[in-house]
Amino acid sequence: MSTYLVLCQNMARDIGIPGTGPDDVTSTSLSEEENAVVRHVKQADVDIQSRWFNWDFLWTEVTLTPTADVSTLTSPTDLGNWNIDSFVLAKGTNSYQELEYMDWYDYNLEYKLGVITSDSPEVFSVKPDNVIDLYPTPKDTTTIGASYWKTPTEMSVDGSESSIPSRFHKIITSRAKIYYAESEDAPEILAGALAEFEDLLDKLEADQLSGQKSRRFSRVQNISNFTVVPQ
């Protein structure tokens, strides 16, 4: 696995910066080129993480506990996007119940006007501010199991590691080299970086997007789970 510092040093070597590259990503004594490398690597990592909201490497699970007589749930601090197909009431019991999702605007008209019933939730929606709202309003604290995709995080110190799987970390420096080549008008670096980035992006998407793994197999293993993502 490549740390933030190692990624910066790898990129510096690839683009021909003299020496070993940055010795500390937060140092105030870096050269102009080294600062550019540090900046581009950070931005490349965030941009790749942000390319798809539902990367597998951003997926995680959570147990939510409603407060009695409160219809909304407290969101995880790293929430990016909810998986609306994953909400289950009392998930760890034999009396579990899948909750039905409804679009907020229809849900609001159907369930949020007038006196609101307090009982065991059956329906939920995601408010425009990404907060979950339940109907009926919970009358107790029965847990709800769900999953979501985290928001991308930035690397900030030497030892920071990207959320992108380690075997694909080279895609970060490839994207960073594109930024560098564009800002420095270096077509010879740009051509190679573009080709490398496009190849690695295809591999990363095949590995980390649901239903896409068969794109990189010589023979489709499960045709019923094969999904084509428009480019």
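Note that this is a predicted model, so its numbers are computed, not measured.

Q: Any chance you could break down the nonpolar core for me, citing the residues and the numbers?
A: Counting 37 residues, the largest nonpolar core has V41, I171, I172 and L204 as the members making the most contacts within it. Listed by contribution, the elements that provide at least two residues to this core are α1 (4-14), α2 (32-49), α4 (170-184) and α5 (187-208). Of all the elements, α4 adds the most residues to this core, at 7 residues. Apart from residues no more than four positions distant in its own chain, L204 is found in contact with I48, W55, F57, I164, P165, F168, I171 and L209. Of all hydrophobic cores here, the second largest spans 15 residues; its members include L64, W82, F124 and A146.

Q: Explain the packing of α4 against α5 residue by residue, including any values.
A: It is the contact of α4 with α5, at a shortest axis distance of 8 Å, that shows an interaxial angle of 145 degrees. Between α4 and α5 lies a crossing whose hand is left-handed. Together, K170, I171, S174, R175, K177, I178, Y180, A181 and E182 of α4 and I189, L190, A193, L194, E196, F197, L200, L201 and L204 of α5 make up the contact between the two elements. In terms of residue class, the contact of α4 with α5 is built from 12 nonpolar, 1 polar and 5 charged.

Q: Before we move on, can you summarise α1 with the specific residues and values?
A: Looking only at α1, the buried set comprises Y4, L5, L7, C8, M11 and A12. Buried residues along α1 cover an arc of 160 degrees about the axis, so they all sit on one side. Residues of α1 that are buried make contact with α2 and α4. One or two steps after α1, the chain reaches G16, where phi turns positive at roughly 85 degrees.

Q: Explain the sheet that holds strand β8 (residues 132-135) to me, using residue names and the numbers behind them.
A: What the 3 strands build is an open sheet, ordered β5-β7-β8; its pairing is mixed. With one partner strand each, in any of the chains shown, β5 (100-101) and β8 form the two edges of the open sheet. Bridge count between β5 and strand β7 (residues 123-126): 2 bridges; the pairing is parallel. Each bridged residue has a counterpart across the sheet, and for Y101 the counterpart in β7 is F124. Strands in contact with helix α3 (residues 104-111) are β7 and β8; relative to β7, the strand with the most contacts, it is inclined by about 130 degrees.

Q: Please give an account of the packing of α2 against α4 that cites residues and values.
A: Relative to each other, α2 and α4 sit at 125 degrees, their axes nearing to 8 Å. Classed by the angle they form, the pair α2 and α4 counts as oblique. Here α2 runs over α4; the crossing is right-handed. Residue-level contacts link E33, H40, V41, Q43, A44, D45, D47 and I48 of α2 to I171, I172, R175, A176, Y179, Y180 and S183 of α4. In terms of residue class, the contact of α2 with α4 is made up of 8 nonpolar, 3 polar and 4 charged.

Procedures and definitions
By convention here, each chain's residues receive numbers from 1 onward along its written sequence. Local features are withheld for residues below a pLDDT of 70 in this predicted model, meaning they are given only at 70 or higher, and side-chain atom pairs are given and counted only at 80 or more; totals for whole chains, interfaces and linings count all residues. Processing note: side-chain calculations cover all non-hydrogen atoms of the structure and skip hydrogens and water entirely. What makes a nonpolar core is a set of buried Ala, Val, Leu, Ile, Met, Phe, Trp, Tyr and Cys residues whose side-chain atoms join them at distances within 4.5 Å. Using a 1.4 Å probe on the protein chains alone, a residue whose accessible area is under 20% of its type maximum counts as buried, one over 50% counts as exposed, and one in between counts as partly exposed. Note on conventions: DSSP H or I runs of at least 4 residues are helices, E runs of at least 2 residues are strands, and numbering of each starts at the N terminus. By the convention used here, residues are in contact when the closest approach between their heavy atoms is within 4.5 Å. Inter-axis angles, ranging from 0 to 180 degrees, are taken between N-to-C directions of lines fitted to C-alpha atoms, where helices are fitted over the stretch in contact. Crossing handedness is read from the near helix: turned anticlockwise from the far helix by less than a right angle, it gives a left-handed crossing, and turned clockwise, a right-handed one. Gly counts as polar in this scheme, as do all residues outside two lists: the nonpolar Ala, Val, Leu, Ile, Met, Phe, Trp, Tyr, Cys and Pro, and the charged Asp, Glu, Lys and Arg. What the arc describes is the spread of directions from the helix axis to the C-beta atoms. When DSSP finds two or more bridges between a pair of strands, those strands are recorded as paired. Small angles under 35 degrees read as roughly parallel and large ones over 145 as roughly antiparallel, with 65 to 115 read as roughly perpendicular and the rest as oblique.

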